[in-house]
Amino acid sequence: MAPLFQRALGAAWARLAPPVRAFHAGPATRFAGEAQVARGTHAVARALAGAFGFPPDGAAVPVTVTVERTAEGHERWHRRFGRHAMTTTLAPAGAARVRERIGPASFDLALDVDADGALSLAVAAGRFCGVPLPRPLLPISDAREADGGDGRFAFDIAVRLRLVGPMIRYRGWLVPAD
């Protein structure tokens, strides 16, 4: 079975920058690198970031990501930011979409490949305990995966909440660790 993101992207898969494609389908399943993490300052944003398991603030935080591919074609991403662990599950959600489950919530992420081969992931829909979230309650994401140079996979994930502001931003780089 083709990798999850390859199936979701279809023909656009070939336009991905090599480090992005390698992250999503390469032989390595464990990656290591470094990140900067900043949580929002609003009390609601900080509380929700904690409830969803996002890491605490930090600069030059050692990061590892292990991608476990299942027989059903899903992926479990085990992330470790320093001592903080966070796991999400990704599954198919239609053409150019994947669904990421984090605790009792799930979010459909619309995928787009730009002219530089970077992958953008935007929240298109969400559910909490299986109940669809109305658009005003959906987080707004500005998430991008790109070629970080020197064979590095670069990520920049920012999530904000309407009426509240930034919830979390983590950015950095990864290289295969297998």
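Peer 1: Help me get a handle on the overall build of the protein chain, residues and values and all.
Peer 2: The helix and strand tally for the protein chain stands at three helices and eleven strands. Its helices and strands taken in sequence order, the protein chain reads α-α-β-α-β-β-β-β-β-β-β-β-β-β from the N to the C terminus. Viewed in the frame of its principal axes, the protein chain has a C-alpha envelope of about 40 × 35 × 30 Å. Taken across its 178 residues, the protein chain has 43% of its residues classed as buried. Pairs at least 24 residues apart make up 47% of the contacts formed inside the protein chain by residues separated by at least 6 positions. By element, 57% of the accessible surface of the protein chain is carried by carbon and sulfur atoms, the whole surface being about 8900 Å². Each charge sign in the protein chain was given a centre, from 22 positive and 16 negative side chains, and these centres are 6 Å apart.

Peer 1: Tell me about the pairing of strand β11 (residues 165-176), and name the residues and values.
Peer 2: In this sheet, β11 lies alongside strand β1 (residues 30-39) in antiparallel orientation, the contact comprising nine bridges. Its bridge partner lying in β11, Arg39 is registered against Ile168. Counted between consecutive antiparallel strands, the loop separating strand β10 (residues 153-161) from β11 contains three residues, among which Leu163 sits at a positive phi close to 70°.

Peer 1: Go over the pattern of salt bridges, please, and point to the residues and values.
Peer 2: A complete count under the given rule lists eight salt bridges for this structure. In this structure, the salt-bridge partner of Glu100 is Arg79, at a minimum N-O distance of 3.0 Å. Of this pair, Glu100 sits in strand β5 (residues 97-102) while Arg79 is found in strand β3 (residues 75-81), placing the two residues 21 residues apart along the sequence. Accessibility assignment for this pair places Glu100 and Arg79 in one class, buried. Salt-bridge contacts for Asp114 lead to Arg144; the nearest nitrogen and oxygen are separated by 3.0 Å. Taken as a pair, Asp114 in the loop between β6 (105-113) and β7 (119-128) and Arg144 in strand β9 (residues 140-147) lie far apart in primary sequence, 30 residues in all. Exposure remark for Arg144: the relative accessible area of 34% places this residue in the partly exposed category. Members of the salt-bridge network, linked through shared partners, are Arg99, Asp108 and Arg127.

Peer 1: Requested: an account of the side chain of Asp108, with residues and values cited.
Peer 2: Here Asp108 is to be found in strand β6. Here Arg99 takes part through its side chain, which lies 2.5 Å from a polar atom of the side chain of Asp108. Polar side-chain contacts of Asp108 include one of 3.5 Å to the side chain of Arg127. Every residue in contact with Asp108, bar those within four places of it in the chain, is listed here: Ala93, Arg97, Val98, Arg99, Ala122, Val123, Ala124, Ala125 and Arg127.

The rules behind each value
Residues numbered from 1 in each chain as written. Predicted model: local features only at pLDDT ≥ 70, side-chain atom pairs only at ≥ 80, totals over all residues. Heavy atoms only, no water. Helix = DSSP H or I, 4+ residues; strand = E, 2+ residues; numbered from the N terminus. Buried < 20%, exposed > 50% of the residue type's maximum accessible area, 1.4 Å probe, protein only. Contact = heavy atoms within 4.5 Å. Areas by Shrake-Rupley, 256 points an atom, 1.4 Å probe, with all protein chains shown as cover. Lys, Arg positive; Asp, Glu negative; His and termini not counted. Charge placed at Lys NZ, Arg CZ, Asp CG, Glu CD. Pairing = 2+ DSSP bridges. Salt bridge = Lys/Arg side-chain N within 4 Å of Asp/Glu carboxyl O. Polar contact = N/O pair within 3.5 Å; in protein donor to acceptor, adjacent residues only side chain to side chain.

So, to be careful, I would describe these as geometric facts and stop short of saying anything about function.
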